[in-house]
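# Chains, contacts and geometry: an overview
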Amino acid sequence: MSNNAEPAGLPLLAPCRPLPWNAAWGWLRAGWQDMRRAPGPSLFYGLVMFAISVAITVAAWYLGRIGIYLGVMSGFVFLGPLLALRLYAISNRLERGVEVTLGATFRDAGKALGDAMVFALILLVVALIWARAATMVHIFFPAGDQPGLMDWLRFLGIGSAIGSVFCAVIFMASAFSLPMLLDRRCDTVTAVVTSVNATLRNKPAMLFWAICIGVGVLLGVLTAYIGFVVVLPLLGHAAWHGYRQTVDASAWPPQVPAAD
């Protein structure tokens, strides 16, 4: 049983507030201020995520075996939420006016570790189903020596449509769930249902936020992952502020930052 178990009698999800379509601009500005106030811990986690990205790419390039690649990616699915929790812990501490240290962020994130691992397991299952679906899409791969334009468009269209569905599911489930787990004593189901509800009720704003994330990731890839050192912590801090503006989780008892 999780040490984060929530008290009985609480609703299944936390209510959400309506957002303007460009709310993400404010989140990014607030996230940038967090990075300026705590550059050391933020950039440290950025360097860790840069190193993980490079390791995955090197493994895929040199080993060239899909099984090993999926194994490495599975590990990243588990590490990603852990690193994100630490970025949220930085923003949470800055918001509360509490000192930010690497050790303190580790202890804060540890309080939500059990539920974060449940969430990571859910992501892993979705990722494996996605990989299986991507393999099945190859039955539409154009056959023959000179396939026509329509053959390619059908293949790319079906693959993109399936990928978009899985991306949307992961995005809705993860947009606000991990910040809520760090902020409040709630379970994984409550956090995920809250995240999905808040995303669906603020479609224009969340679509814009998804575009911001996509642009940030693209910039990181185009700079050989070096941009991830800054971009990923910035997105992590911004996601925290997005959660704080969107979700009203006041009904759940708060997590108390660890003592220094």
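Described below are features of the structure shown in this document. All of these numbers come straight from a predicted model, not from anything done at the bench. (Residues numbered from 1 in each chain as written. Predicted model: local features only at pLDDT ≥ 70, side-chain atom pairs only at ≥ 80, totals over all residues. Heavy atoms only, no water.)

## Quick look at the overall build of the protein chain
- Helix and strand content of the protein chain: ten helices and zero strands.
- The buried share of the protein chain, taken over its 260 residues, is 42%.
- The long-range share in the protein chain, meaning contacts at least 24 apart out of those at least 6 apart in sequence, stands at 81%.
- Accessible surface, the protein chain as shown: approximately 13400 Å² in total, 71% of it carbon and sulfur. (Helix = DSSP H or I, 4+ residues; strand = E, 2+ residues; numbered from the N terminus. Buried < 20%, exposed > 50% of the residue type's maximum accessible area, 1.4 Å probe, protein only. Contact = heavy atoms within 4.5 Å. Areas by Shrake-Rupley, 256 points an atom, 1.4 Å probe, with all protein chains shown as cover.)

## Focus: the side chain of D34
- Structurally, D34 is set in helix α1 (residues 23-37).
- Discounting chain neighbours no more than four positions away, the residues touching D34 are S42, S91, L94, H237 and H241.

## Let's talk about the packing of α1 against helix α10 (residues 228-246)
- With their axes 7 Å apart at the nearest point, α1 and α10 run at an angle of 120° to one another. Regarding the angle of α1 to α10, the classification is oblique. Where α1 crosses over α10, the two elements pack in a sense that is right-handed. Every residue of α10 that contacts α1 at A23, W27, L28, A30, G31, W32, D34 and M35 is listed here: V230, P233, L234, L235, H237, A238, H241, G242, Q245 and T246.
- Its residues placed into classes, the contact of α1 with α10 shows eleven nonpolar, six polar and one charged. (Axes fitted to C-alpha atoms, helices over the stretch in contact; angles between N-to-C directions. Parallel < 35°, antiparallel > 145°, perpendicular 65-115°, else oblique. Left-handed = near helix turned anticlockwise from the far one by under 90°. Nonpolar A, V, L, I, M, F, W, Y, C, P; charged D, E, K, R; others polar.)

## Quick look at the nonpolar core
- Counting residues in hydrophobic clusters, the biggest one holds 55 residues, and the most contacted among them are W27 and W209.
- No other element matches α10, which puts nine residues into this core.
- If near-sequence neighbours (up to four positions away) are discounted, W209 is found in contact with A24, W27, L28, F171, L235, A238 and A239. (Core = buried A, V, L, I, M, F, W, Y, C linked by side-chain atoms within 4.5 Å.)

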